[in-house]
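Take a look at the letters that make up each chain.
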Amino acid sequence: MSDSHPDPYTPVQPAPVPYAPAPPAAPPAAPPAAPPAAYDPRAAVHAVRAEIAKVVVGQEGVVSGLITALLVRGHVLLEGVPGVAKTLIVKTLARALDLDAKRVQFTPDLMPSDITGQLVLDPGGDFGMRFREGPIFTNLFLADEINRTPPKTQSALLEAMEERQVTVEGSPRPLNDPFVVIATQNPVEQEGTYPLPEAQLDRFLFKLVVGYPSAEQEVAVLDRHHRGLDPHDVLGAGIQPVATAEDLQIGRAQVAGVGVAPAVLEYIVALCRATREVPSVEVGVSPRGATALLHASKAWAWLSGREWVSPDEVKAIAVPTLRHRLVVRPELELEGTTADGILTGLLATVPAPR
């Protein structure tokens, strides 16, 4: 996240002609314009957080997680009860980044073609078939209440999330760049829902928990609504684009250049392998999860202005990166054992390099 100096050269004025009025003194030379500041994509990305804060009160960790995911082209699962600004955060993020966003409410009767698109009869010309794009052809795809649709439709996202393309009638069609799936689910109401398969959960870079605001933050929310804030109109709320897809692309290239020492790589592997040895865990973190933790740590280090990943970045991002990749034994889950608690314990016990 030069000082200019006045020109030391001052032009010499000609001597006045005898009996003639002296010409007016020339104005002092203006200092040269300061050189333009070096372009900093990190500053542009940080400005997005400040812009979102105009509408969204609190939830800084969720916003930072979404920005981090965009920097490494990762998908995000948001979990929280209704009414905690999950949809508003995504809409405001898209506006601040000048990205296209589409929202689909997932329901039990939603079909895969409702998401990916389909071939339709083209009445013009020779009455051939043309492809009508589905809402997945966007930059930020908001899958609202993803666990309310059957696995057949949930799996329609798998190819899009992993390959960044969809195949319709045997023809692959590339998606936009950037393309990120942001899915939401309600952790409380389970009736009429379909749990996400482990293969799909593993495709999400983060699982971010969107909690209740504090008392002070909730007062601030009410005050903004009292003063006329319309959460359905982010443009009217004054949200303006402060960064672009190009800023993300340049930032992504710089994230790729963040250094990682061999000792930190070994620490990431040790942490992920430790999850497979915990007796209360049925399924631990896969190598894909270790890779996700690496990329997320590099993005977090870049956002913090660091050129190298330290164990602190790994620890800071480990829980949201790994919590959805653990399968806790059902009998222990009933007793209150959670993936977050297991990971917190491992972060305290697995030795970190100094």
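Structural data are supplied above this passage.
A few points on the structure. Note that the coordinates shown come from a computational prediction; the quantities given were computed from them, not determined experimentally.

### As for the overall build of the protein chain
Here's step 1: Broken down by element type, the protein chain carries 14 helices and 13 strands.
Here's step 2: Residues counted as buried form 44% of the 354 residues belonging to the protein chain.
Here's step 3: Carbon and sulfur atoms make up 57% of the accessible area of the protein chain, which totals about 18,600 Å².

### Digging into the packing of aromatic side chains
In this description, a pair of aromatic rings is defined by centroid distance and the angle of the planes.
Here's step 1: The final tally for this structure, using the stated rule, is one aromatic pair.
Here's step 2: Between F106 and F141 the ring centres are 6.5 Å apart and the planes differ by 65°, which places this aromatic pair in the edge-to-face class. In this pair, F106 sits in the loop between strand 2 (101-105) and helix 4 (113-116) while F141 sits in strand 5 (residues 140-144), placing the two residues 35 residues apart along the sequence. Summarising the burial analysis for this pair, F106 and F141 share the class buried.
Here's step 3: Over the aromatic face of W302 sits the side chain of R42, whose NZ or CZ is 4.9 Å from the ring centroid.

### Remarks on helix 10 (residues 262-275)
Along an α-helix, residues three or four apart share an orientation, since each turn contains 3.6 residues.
Here's step 1: For helix 10, with 14 residues, the first-to-last C-alpha span of 21 Å sits near the 20 Å given by 1.5 Å per residue.
Here's step 2: Restricting attention to buried positions, one finds in helix 10 the residues V264, Y267, I268, L271, C272, A274 and T275. Take helix 10 and look down its axis: the buried residues cluster within an arc of 160°, on one side only. In helix 10, the exposed positions angled more than 90 degrees off the buried face are occupied by P262 and E266.
Here's step 3: As for helix 10, its buried residues are in contact with strand 10 (259-260), strand 11 (281-283), helix 11 (287-303), strand 12 (308-309), helix 12 (311-322) and helix 14 (339-349).

### Here's the deal with a nonpolar patch on the surface
Here's step 1: A cluster of nonpolar side chains, namely L119, L121 and M129, defines an oily patch on the protein surface of about 290 Å² accessible area.
Here's step 2: Its relative accessible area of 52% is what places L121 among the exposed residues.

### Quick look at the pattern of salt bridges
Here's step 1: This model, assessed by the stated rule, comprises 12 salt bridges.
Here's step 2: Residue D202 is joined to R288 by a salt bridge in which the shortest nitrogen-to-oxygen separation is 2.8 Å. Taken together, the residues D202 in the loop between helix 7 (198-201) and strand 9 (204-209) and R288 in helix 11 connect sequence positions 86 residues apart.
Here's step 3: Among the charged side chains, a network of salt bridges with common partners joins D202, R288 and R325.

### Quick look at the packing of helix 10 against helix 14
Helix packing geometry: the angle between the two helix axes and the distance between the axes.
Here's step 1: Contact pair helix 10 / helix 14: the axes reach a minimum separation of 10 Å and the direction vectors enclose 135°. The angle between helix 10 and helix 14 falls in the class oblique. Along this stretch, helix 10 crosses helix 14, giving a crossing that reads as right-handed. For the pair formed by helix 10 and helix 14, the contact residues are Y267, L271, A274 and T275 on the first element and L343, L346 and L347 on the second.

### What to know about the sheet that holds strand 5
Here's step 1: Spatial strand order, 2-5-8-1-9: five strands in an open sheet with parallel pairing. In this open sheet, the two strands that pair with only one neighbour each are strand 2 and strand 9. The mean inter-strand angle of the sheet, taken between neighbouring strand axes irrespective of direction, is 20°.
Here's step 2: Taken together, the four bridges between strand 1 (residues 75-79) and strand 8 (residues 180-185) define a ladder with parallel strand orientation. Residue pairing for strand 8: L78 is matched across the bridge by T184.
Here's step 3: Together, strand 1, strand 2, strand 5 and strand 8 form the strand contacts of helix 3 (residues 86-96), whose direction differs from that of strand 5 by roughly 170°.

### Structural notes on the environment of P41
Here's step 1: You can see P41 is positioned in helix 1 (residues 41-52).
Here's step 2: Not counting residues up to four positions away in its chain, the partners in contact with P41 are D247, I250, G251, Q254 and W302.

### A short note on the nonpolar core
Here's step 1: Within the largest apolar cluster, 73 residues are counted, with the highest numbers of intra-cluster contacts made by L93 and L293.
Here's step 2: Setting aside residues no more than four positions away along its own chain, L293 makes contact with I268, L271, C272, V314, I317, A318, T321 and L322.
Here's step 3: Membership of the second largest hydrophobic core comes to 23 residues, among which are L110, F131, F179 and L201.

### Details of unusual backbone geometry
Here's step 1: Cis geometry marks the peptide bond from D177 to P178; its omega dihedral reads 5°.
Here's step 2: Within the secondary structure layout, P178 lies in the loop between strand 7 (171-174) and strand 8.
Here's step 3: Positive phi outside glycine occurs at Q59, with the angle close to 60°.
Here's step 4: Relative to the elements of secondary structure, Q59 occurs in the loop between helix 1 and helix 2 (60-71).
Here's step 5: Its relative accessible area of 15% is what places Q59 among the buried residues.
Here's step 6: Of note, the phi angle at E145 is positive, near 55°, even though the residue is not glycine.
Here's step 7: Take E145: its relative accessible area is 22%, and that puts it in the partly exposed class.

### A closer look at the environment of I52
Here's step 1: One can find I52 in helix 1.
Here's step 2: Separated by 40 residues in sequence, I52 and T92 have C-alpha atoms that sit 5.9 Å apart.
Here's step 3: Ignoring sequence-local partners within four residues, the contact set of I52 consists of V63, T92 and L93.

What counts, and where the lines are drawn
Residues numbered from 1 in each chain as written. Predicted model: local features only at pLDDT ≥ 70, side-chain atom pairs only at ≥ 80, totals over all residues. Heavy atoms only, no water. Helix = DSSP H or I, 4+ residues; strand = E, 2+ residues; numbered from the N terminus. Buried < 20%, exposed > 50% of the residue type's maximum accessible area, 1.4 Å probe, protein only. Areas by Shrake-Rupley, 256 points an atom, 1.4 Å probe, with all protein chains shown as cover. Phe/Tyr/Trp six-rings, centres within 6.5 Å; stacked < 30°, edge-to-face > 60°. Lys NZ or Arg CZ within 6 Å of the ring centre and 35° of its normal. Expected span 1.5 Å × (residues − 1). Arc of directions from axis to C-beta. Contact = heavy atoms within 4.5 Å. Patch = residues over 30% accessible without salt bridge, like charges linked within 9 Å, V, L, I, M, F, W, Y side chains within 5 Å. Salt bridge = Lys/Arg side-chain N within 4 Å of Asp/Glu carboxyl O. Axes fitted to C-alpha atoms, helices over the stretch in contact; angles between N-to-C directions. Parallel < 35°, antiparallel > 145°, perpendicular 65-115°, else oblique. Left-handed = near helix turned anticlockwise from the far one by under 90°. Pairing = 2+ DSSP bridges. Core = buried A, V, L, I, M, F, W, Y, C linked by side-chain atoms within 4.5 Å.

So, to be careful, I would describe these as geometric facts and stop short of saying anything about function.
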